[in-house]
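For reference, the chains in residue letters:
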Amino acid sequence: MTTYTSNYTGEEIDNLLTYIQLIKQKNSMPVGIKWDTTSNSPFLTRVDINKNPIDVDTTFFNNHQIFGNISRCVFTDPVTGEYEFGKNAKGDGLDLTGASGPVMVRVPTGMVLSEIDGTDRYWWVAPLNSELSPWENHPLSYQRGGALHDEIFVSAYEAHGYLDGETFKLGSATGKTPVTGGVGYPNLPDSGRLTIDDAETYAGNVGPGWGCYNIHTHTWLQLLMYIEAGTFDTQTAFGRGVVDLDTGVDFAGVNTGADSIDTNLATTGTGTGTGPNGKTPIAWRGIENPWGNVWKFGIGFNTTDTEIRVINRDGTGVLSGQLTAGNYEVSVNPPYVDPVIGSTSGYISDFESEALLKNMFVPSAISGTSSTRACDSNLTHYPGRTNILLLGGIWSGGSSAGVGCRHSTHDVSYNSRAIGARLEFIPPEGVV
C-alpha cells in the first residue's frame, strides 16, 4: 500500500486535511474535445458527454477530479512507495532537489471514449469507474502488471542519472543535467551509452513498479493537455518550451529547473521559466518539459514495415525496447511511410482511428504545417527494421516540437546525445 506522510503540524495539517476533502468533492463530469477534420485550424471545441459545446476555464479544470488532482509529490521511500505532498499542486514546501527522494507528479487515471461522427472526431475523459458505457478504462490504468490503478506517477523533471553504491539509477530533481547517451555522462555504464532498454533498466533499479515512461502514460497525458488547451497547438497554449537553442555539441539543452521555473509556476504547476519563449522550460501541471529540451524514450511502441506494435492494453505485457511476441497487440494498419520517398518528416494532419490506435494519436498523414491541423511533426517509420518511439522533440526542434511530436526511425540500439528519459512509477498493488 502507498503511504502518505507529512512534515506539517498544527494549522498546516488542518489546512491540508481541508484540501484533501475538497479534492474528494471535485467535479467528476466527463469532458471532451471535438475536432472538425475539414478545418485546417488546430482549434478544438470542448464538449460535454452529449457533444454540446461547453465554456470552461482554469477554475473548471482545477476543480475536476482528474485535472485538479494532478499534483507534485516526493517519494521519500521509492522502494516501499511512501510519498508526501506539498502545500499545493505546484509542490510548495517539498524538497525538489532530490535529496529527499525523486520528485514525481501524481496523475489520476480514468476512462476514455472516442467517436467519429461524420467529419467530426471526438475524444472524452471521465474519472475511473464512472458508470459509463461503452467507455473503457484507459490502458495506462493497467500497465506494469495488469492490476487496475486509480493513479500513477510520472517524473516532474526529465531523468538525471546517479550512482547509488554500485547501482546506476534514474532520478527526478531540479538543478540536474538530463541523462543522455554519448556525452560522457558521469558514472553512466557501458561507456556512456543510453539506449531505451538501458533507460528501462536504470529506472527499474529505483524499485518495484518503477520504469521508463510508457506510451499509454504519454497518450493519456497528451489527451488531457489537448482538452485543457482546447487546441492541438500546445506550444502556443503553454509556451514553446526549450526548442530554439543552437544544435551545439554534446548535451546543449538546459538543466532541470532552469530560469527559476520552480518558483515562477502558478500553484497549479503550470507556467514557464523566466527566459525568452523558446529558450526557457515550460511545465504543465507540475510536469516540466513535456516536450523539447531532449527527446524522451516512449517504451511500449514499435513500428515495422507491415505493422504497429503496442504493449498489451490490459497491462500483461513486459515493457522492453523491442517488444517480444505475446507482449504486444498489432494494428491492422501499417505505420505511415511516405509513398514516394519512404521515411520523411512532416507535420501531422490526421490520426489513425482503428480500435487499437484510436486513443493514441498515432499519425496517419503528414500534410499539415506548424500552425495548422495537429501542428507537431512526425518523422515517419524508417523501412527495413523494427523501430522504437521518441517523443516531444529536442532543444533545437523549433515549431516541430510539441506534445504530439514523434520520431520512429531508430532501432532499439540507438544512443544519442539528444535522447533522454522520463521516469514513471505504477504501484505494484493496484486499487484495493
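In what follows, the structure referred to is the one given above.
Caption draft 1: Looking closely at the state of the cysteines. Counted by the stated rule, this structure contains 0 disulfides. Lacking any disulfide linkage, Cys212 is separated from the closest cysteine sulfur, that of Cys405, by 17 Å. The class of Cys212 is buried, set by a relative accessible area of 1%. No disulfide involves Cys375; its sulfur sits 12 Å from the nearest other cysteine sulfur, which is in Cys405. Note on Cys375: relative accessible area 1%, which makes it buried.

Caption draft 2: Here's a closer look at the layout of surface pockets. Each pocket or cavity is described by its volume, and for the second largest pocket that value is around 170 Å³. Taken together, 14 residues form the lining of the second largest pocket, with Gly98, Gly101, Pro102, Tyr162 and Gly171 sitting closest to its centre. Contributing elements (two or more residues each) for the lining of the second largest pocket: strand E10 (160–164) and strand E11 (167–171). The element that contributes the greatest number of residues to the lining of the second largest pocket is E10, accounting for 3 residues. Grouping the constituent residues of the lining of the second largest pocket by class yields 5 nonpolar, 6 polar and 3 charged.

Caption draft 3: Spotlight on helix H4 (residues 196–204). Looking at H4, one finds that the buried residues are Ile196, Asp198, Ala199, Glu200, Tyr202 and Ala203. Each element contacted by the buried residues of H4 is listed here: E11, helix H3 (189–192), strand E12 (210–212), strand E16 (295–297) and strand E27 (423–425).

Caption draft 4: Summary view of empty space enclosed by the protein. Per the counting criterion, the structure on display carries 4 cavities of 30 Å³ or more. Computed from the structure, the largest cavity encloses a volume of approximately 100 Å³. In this structure, the largest cavity is lined by 13 residues; those nearest its centre are Thr303, Val362, Pro363, Asn378 and Ser408. Residue composition of the lining of the largest cavity, by class: 7 nonpolar, 5 polar and 1 charged. What the second largest cavity holds in volume is close to 50 Å³. Glu136, Pro139, His216, Arg313, Ala355, Leu356, Lys358, Asn359 and Met360 are the residues that line the second largest cavity. Here the residues of the lining of the second largest cavity sort into 4 nonpolar, 2 polar and 3 charged.

Thresholds applied
- Residues numbered from 1 in each chain as written.
- Predicted model: local features only at pLDDT ≥ 70, side-chain atom pairs only at ≥ 80, totals over all residues.
- Heavy atoms only, no water.
- Disulfide = S-S within 2.5 Å.
- Buried < 20%, exposed > 50% of the residue type's maximum accessible area, 1.4 Å probe, protein only.
- 1 Å grid on protein atoms, 1.4 Å probe; cavity = no way out; pocket = protein on both sides within 12 Å on 5 of 7 lines; lining within 4 Å.
- Points joined across faces, edges and corners; volume = space filled by probe spheres on them.
- Helix = DSSP H or I, 4+ residues; strand = E, 2+ residues; numbered from the N terminus.
- Nonpolar A, V, L, I, M, F, W, Y, C, P; charged D, E, K, R; others polar.
- Contact = heavy atoms within 4.5 Å.

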